[in-house]
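Listed below, chain by chain, are the residues.
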Amino acid sequence: MVFKGYEGVIKRYREFLPEIDEKYIITINEGNTPLIKARNLGRIINPDIEIYFKYEGLNPTGSFKDRGMTMAVSKAVSDGSKAVICASTGNTSASASAYAARAGIKSFVLIPEGKIATGKLSQALVHGALVMQIQGNFDDALVITREIAKDYDVTLVNSVNPFRLEGQKTASFEIADELGSAPDYHILPVGNAGNITAYWKGYKEYFAAGKIKKLPKMIGFQAEGAAPIVLNHIVKEPHTVATAIRIGNPASWQKAVEAKEESGGLIEAVSDEDILKAYALLAANEGVFCEPASAITLAGLIKLNGRGFFEKGSVCVLTLTGHGLKDPGNAIKVSKEPVIVPCDKNSVLKAMGIKKTKSGGFI
Ligand SMILES: *Cc1c(COP(=O)(O)O)cnc(C)c1O
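Here the structure is a predicted model, which is why all the values come from computation and not from measurement.

J.: Give me the lowdown on the site of the ligand, citing residues and values where you can.
T.: Around the ligand, the surrounding shell holds 16 residues, and the nearest of these are K65, N91, N192, N195 and T321. Here an oxygen atom of the ligand sits 2.7 Å away from a polar atom, N or O, in the side chain of N91. A distance of 2.7 Å is found between a nitrogen atom of the ligand and a side-chain nitrogen or oxygen belonging to T321. For the ligand, the accessible surface in isolation is 380 Å², of which the surrounding protein chains cover 96%. In this structure the site holding the ligand corresponds to the largest cavity.

Below is the structure:
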């Protein structure tokens, strides 16, 4: 049988990616995620701009990390590697372990103790990774993994692996293909700063190939308690509710600054309070559920809009990096509790606030 379905980012964007022999491609059909136009938030925030969400939570393991992981693991397999290792705030480990499982190789994962969302931990475990909770933070874990990968036969699949960024840049191709152009502004969360670097690389390559006629301004946001790039110094003990970007010493720090400067963009910080507000606002008004780290893009857009940053007609794309179900605890915290109702129809009607019968109007 000849399969004619979609088969992941490597096959789709082969001409823009380092060559991988077809027989070594490890894919779970990542990418091809929806670009969703805001329907209600424009009215609430600013009717004069266009807002689109690149919903990366719909990748196979629920985050954009899969785009990079298909490249990194395929390359590892084609080089004969039998194991991968990563430090992770959660999503890298979920993705690495899934792609390693698919490839039939081992995965080793170092995570900061106690600071990882349950959904992400469950993924690494169920995909069969050896999960090591180290008594330190992400930055400490990354130092150890880098050293081990240097001296032993395991492939590092953090975003310092250049193949990760190659895969991740395909998201900007998809956006440009769907919009028929680059957006005016591209807004991203910044943690280890690999993704903003990858998107900028992607846009520049598409521009060079004549596929788009202009480049976007790259806008990055860090959480106030984990904002080394904004503060211009390492943050020893980063803290934020957005655990996916709880990073004090980003590996791609310099490249993120270059993306900002070359594109004429900016990198700023947003408070946890504003992140959680945007997180709830997005879910309640667009039906799109993302992680707190992803919602920082909307919080940031609201912040910039408040000071009249966007010209009329601006097209803004926000990358929603991960799925909200990874970390449901936060959703429950920011929402109303379920109401407890006795088990009879009248009590249910009373709780619903319904008084009239049919055609008498609703509530
Ligand atoms: C990894 C991750 C980020 C941060 O991306 P970087 O490339 O490290 O800047 C943001 N959000 C989510 C959900 C992530 O998994």
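J.: Break down the packing of aromatic side chains for me, citing the residues and quoting the values.
T.: For the structure on display, the rule yields eight aromatic pairs. Joined through ring pairs, the aromatic side chains of Y13, F16, F173 and Y206 make up one cluster.

J.: Any details on the nonpolar core? Residues and values, ideally.
T.: One finds F53, L282, L298, L301, F310 and L318 to be the most contacted residues of the largest nonpolar core, which totals 35 residues. Of the residues forming this core, the biggest block, seven residues, is contributed by helix α13 (residues 292-306). Filtering out sequence-adjacent residues up to four positions away, L301 remains in contact with I45, I49, I51, I187, F221, F310, C316 and L318. Within the second largest apolar cluster, 34 residues are counted, among which are F16, I25, A182 and A259.

Conventions we followed
Residues numbered from 1 in each chain as written. Predicted model: local features only at pLDDT ≥ 70, side-chain atom pairs only at ≥ 80, totals over all residues. Heavy atoms only, no water. Near = heavy atom within 4 Å. Polar contact = N/O pair within 3.5 Å; in protein donor to acceptor, adjacent residues only side chain to side chain. Areas by Shrake-Rupley, 256 points an atom, 1.4 Å probe, with all protein chains shown as cover. 1 Å grid on protein atoms, 1.4 Å probe; cavity = no way out; pocket = protein on both sides within 12 Å on 5 of 7 lines; lining within 4 Å. Sits in = over half its atoms within 2 Å of the grid points. Phe/Tyr/Trp six-rings, centres within 6.5 Å; stacked < 30°, edge-to-face > 60°. Core = buried A, V, L, I, M, F, W, Y, C linked by side-chain atoms within 4.5 Å. Buried < 20%, exposed > 50% of the residue type's maximum accessible area, 1.4 Å probe, protein only. Helix = DSSP H or I, 4+ residues; strand = E, 2+ residues; numbered from the N terminus. Contact = heavy atoms within 4.5 Å.

Coordinates in, geometry out; function isn't part of it.
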